Amino acid sequence: MTESTHPLATVPQDELIARADADPLRPRFHFVSPAGWLNDPNGVSQWNGTYHLFYQYNPEGAFHHRIQWGHATSTDLVHWTDQPVALEPSAGPDADGCWSGVLVNDGGTPTLVYSGRLGEKELPCVAVGSADLLRWSKIPQNPVIAAPPAGVEITAYRDHCVWREGSIWRQLVGSGIRGRGGTAFLYESGDLRSWEYVGPLFIGDASQGDPADTDWTGTMWECVDLFRAGGGSLGTVRTSADAPDVLVFSAWDDGDTRHPLYWTGRYSENSFEPAGLHRLDYGGRFFYAPQSFQDQSGRRIMFGWLQEGRSNAAMVEAGWSGVMSLPRVTTLADDGTLRFAPVPEIEKLRRDHVGLSEQELVPGAPVPTGVSGNQLDLELDVQLEPGAVLRLGLLGSADNGVSGSSREETVIELCRTTEGGSQGTLRLDRTQSSLDPTVDVDDKSGPLPMPDGRVHLRVLVDRSAVEIFANGKPLTARVYPTLAGEHVSIAAEGTVRLLSFDAWTMAEILGGARNLFP
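Here's a quick rundown of the structure. This one's a predicted model, so the numbers in the text were calculated from it and none came from an experiment.

**Digging into the environment of Gln296**
- Structurally, the position occupied by Gln296 is in the loop between β17 (288–294) and β18 (300–306).
- Along the primary structure Gln296 and Pro481 are separated by 185 residues, whereas in three dimensions their C-alpha atoms are 40 Å apart.
- Apart from the residues within four sequence positions on either side, Gln296 is in contact with Gln46, Trp47, Asn48 and Gly49.

Structure, rendered in structure tokens:
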């Protein structure tokens, strides 16, 4: 253990990996750290054909403390290889943690811009890497910004978005102005070392809405990410007049990680003019701190952190915490919002196909799907008449779920409004997902466009991780079944036509022994 042993470090480090591997709730085709704690994705990128995923990591145990930068690489966004820890705390401005940041290409030199934590504050720091991105050196000028903007009372100050416009580097640092709302402070530099403060790019209004709302913007914006939707680069001529700029952030309030949101609008010179605020994932905090990059084929790819929904004690005992989302392709929908889908590369993990023929579902009579498992990829196309409801039951402890006697079951609902039209609701009902009374089972839902009542539904179940995509709208959550149920059921209320149903079991991505310190 480290010299500054944390009170939660009750499991010996040499037992962490064995405990994590033995946990039946630990995902098998999502990336997870070798053991211990994982949170935000950092430095997500593709460099000379290789994908790099850095992440917030504590190998001391399944709790947040003296954070390092874990590192994994992939050639296909599916199978990942552990690499040596990229950054770890050292004497100086990051003595208490190397917090979130990004990777940029500085004239061929891989460069990390991250938040160094010392005491109760975080400040921007820089490290430069070897050509293979496996060895990193912190620059002596750290911190490269000595303090937050003078004369502003902030709620917090950390996390970075960095890009180049011509010969100038620009940087956003997530923050909040006390009494007003979240913000992103804008800076610019010629060399990534000396930064000049420009001003707040845009300031939110925390007084708008109820703090309990799923689109409340919070008192601080974490993990800000600014990019142009539909391709193109910030500061360049637009390829499409309709393509908005997108400002992604995670709403935070006094230590509480709330949910990811994004503004669509126009970034120009030193400001962002918002046009609309949108929920990024209907699962709220279960897809937190998203970070994106444009890969070499031009796709905008996003990762997020799937937080846990069980107690600190349960995480520590299990020896691990935190799941990285599957990588998502981010595209622009016809209505100017973002659409999301898992990268198609994930399909190479599919095994043992099961399909159902087109049919009209009989109300109240569950359809035997012939599918079971806790590592699944499901794709459905359905058409709902006005007022109809489709229920898809997962991880059921009995084969007569959704309207039967299954003691544990996680249920996805698609509901079309009684008025018809093109609107409906996507809902995840976790109230019966676990007999454990201590886990999070809050309702998760959001509005869903349903043109002519049609929905394309994609569901990826990986033990305790569930990622749902309905007509491009994502809902991510965690579930903690105790009965090892694997049944999949379908049922309907009203008139629902099942146009197609395809299911596959999913192979594991991490084979062989892993080390806490690769």
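There is more to say after this.
**Some thoughts on the sheet that holds strand β16 (residues 271–279)**
- Taken together, 4 strands build an open sheet; the order of strands is β13-β14-β15-β16 and the sheet is antiparallel. Across the chains shown, the open sheet's two edge strands, defined by having one partner strand only, are β13 (220–228) and β16. Averaged over neighbouring strand pairs, the angle between their axes works out to 25° when direction is ignored.
- Here β13 pairs with strand β14 (residues 245–253) via 7 bridges, running antiparallel. Paired with Asp225 across the bridge in β14 is Val248.

**Thoughts on the pattern of salt bridges**
- Counting across every chain of the model gives 36 salt bridges.
- Ionic pairing is found between Asp295 and Arg299, a salt bridge with its closest N-O pair at 3.0 Å.
- Salt bridges here are not isolated pairs; linked through shared partners, they connect Arg391, Glu413, Arg427, Asp429, Asp443 and Glu493.

**A closer look at the side chain of Glu409**
- You can see Glu409 is positioned in the loop between β27 (389–396) and β28 (410–416).
- An unpaired buried charge is present at Glu409: no salt bridge exists, and Arg391, the closest side chain of opposite charge, is 8.7 Å distant.
- If we skip the residues at most four places from it in the chain, Glu409 touches Gly393, Leu394, Leu395, Gly396, Gly401, Val402, Asp429, Gln432, Ser433 and Ser489.

**Here's the deal with unusual backbone geometry**
- The amide bond that connects Asn142 to the next residue, Pro143, takes the cis arrangement and shows omega of -5°.
- Tracing the backbone through its elements, the reader meets Pro143 in the loop between β8 (136–138) and β9 (154–165).
- Phi is positive for Arg463, which is not a glycine, with a value near 60°.
- If you trace the backbone, Arg463 turns up in the loop between β31 (454–462) and β32 (465–470).

**Some points on the pairing of β27**
- Burial analysis of β27 places 7 of its 8 residues in the buried class, which makes it a mostly covered element.
- In the sheet, β27 pairs with β28 via 6 bridges, with the strands oriented antiparallel. Residue pairing in the sheet places Leu390 in a bridge with Leu414 of β28.
- Judged from the 6 bridges that link them, β27 and strand β34 (residues 487–493) form a sheet pairing that is antiparallel. Its bridge partner lying in β34, Gly393 is registered against Ser489.

**Thoughts on the sheet that holds strand β4 (residues 81–87)**
- Spatially, β4-β3-β2-β1-β19 is the arrangement adopted by the 5 strands of the open sheet, whose pairing is mixed. Looking at the sheet topology across the chains shown, the edges are occupied by β4 and β19 (320–321).
- Sheet topology places strand β1 (residues 36–47) next to strand β2 (residues 50–58); 7 bridges connect them, and they run antiparallel. Paired with Trp37 across the strands is Asn58, a residue of β2.

**Here's the deal with the side chain of Thr183**
- Along the chain, the position of Thr183 falls in strand β11 (residues 181–189).
- A residue is classified by how much of its surface remains accessible, and Thr183, at 0% relative accessible area, is buried.
- A polar side-chain atom of Thr183 sits 2.7 Å from the main-chain carbonyl oxygen of Phe202.
- With near-sequence residues (within four places) excluded, Thr183 lies in contact with Val173, Gly174, Ser175, Gly176, Ile177, Pro200, Phe202, Ile203 and Trp221.

**Comments concerning the packing of aromatic side chains**
- Scanning the model with the defined rule gives 18 aromatic pairs in all.
- Between Tyr288 and Trp305, the ring centres sit 6.3 Å apart and the planes meet at 75°, which makes this aromatic pair edge-to-face. Here Trp305 lies in strand β18 and Tyr288 lies in strand β17, a separation of 17 residues in the sequence.
- On the accessibility criterion, Tyr288 (1% relative accessible area) is buried.

Rules used throughout
- Residues numbered from 1 in each chain as written.
- Predicted model: local features only at pLDDT ≥ 70, side-chain atom pairs only at ≥ 80, totals over all residues.
- Heavy atoms only, no water.
- Helix = DSSP H or I, 4+ residues; strand = E, 2+ residues; numbered from the N terminus.
- Contact = heavy atoms within 4.5 Å.
- Pairing = 2+ DSSP bridges.
- Axes fitted to C-alpha atoms, helices over the stretch in contact; angles between N-to-C directions.
- Salt bridge = Lys/Arg side-chain N within 4 Å of Asp/Glu carboxyl O.
- Buried < 20%, exposed > 50% of the residue type's maximum accessible area, 1.4 Å probe, protein only.
- Lys, Arg positive; Asp, Glu negative; His and termini not counted.
- Polar contact = N/O pair within 3.5 Å; in protein donor to acceptor, adjacent residues only side chain to side chain.
- Phe/Tyr/Trp six-rings, centres within 6.5 Å; stacked < 30°, edge-to-face > 60°.

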